[in-house]
Amino acid sequence: MTARPRAVLAALALAGAALLTSCGPAGHPAPGAADTGQVQDMRHKLDAADSAADQADTDAAADGN
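Heads up: these notes are all about the structure in this document. (Residues numbered from 1 in each chain as written. Predicted model: local features only at pLDDT ≥ 70, side-chain atom pairs only at ≥ 80, totals over all residues. Heavy atoms only, no water.)

Quick look at the overall build of the protein
In step 1: Helix and strand content of the protein: two helices and zero strands.
In step 2: Taken across its 65 residues, the protein has 12% of its residues classed as buried. (Helix = DSSP H or I, 4+ residues; strand = E, 2+ residues; numbered from the N terminus. Buried < 20%, exposed > 50% of the residue type's maximum accessible area, 1.4 Å probe, protein only.)

So this is what it looks like as structure tokens:
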């Protein structure tokens, strides 16, 4: 498996986790400042995964793969 599909899978897993943890018992977003911080944390993680995937693409292109 190449680096790009792994990064995409990681980003999807993080997005799924963000969706699951941001919902209350009835499936509605749970209120509170902690939720906002959690969403921001997940966005940072998704941005980092996307950046890592872009870097992997750049490295693969430089290596001629």
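Points about a nonpolar patch on the surface
In step 1: Nonpolar side chains collect at one region of the surface, where Val 8, Leu 9 and Leu 12 lie side by side and expose about 280 Å² of accessible area between them.
In step 2: With respect to the secondary-structure elements, Leu 12 resides in helix H1 (residues 3–21). (Patch = residues over 30% accessible without salt bridge, like charges linked within 9 Å, V, L, I, M, F, W, Y side chains within 5 Å. Areas by Shrake-Rupley, 256 points an atom, 1.4 Å probe, with all protein chains shown as cover. Salt bridge = Lys/Arg side-chain N within 4 Å of Asp/Glu carboxyl O.)

A few points about the environment of Val 8
In step 1: Examined against the element boundaries, Val 8 turns out to sit in helix H1.
In step 2: Classification of Val 8 as partly exposed rests on a relative accessible area of 38%.
In step 3: Placed 45 residues apart in sequence, Val 8 and Ala 53 show a C-alpha to C-alpha distance of 7.6 Å.

Some details on the environment of Val 39
In step 1: Tracing the chain through its elements places Val 39 in helix H2 (residues 33–63).
In step 2: Sequence-wise, Val 39 and Ala 15 are 24 residues apart; in three dimensions their C-alpha atoms are separated by 9.8 Å.

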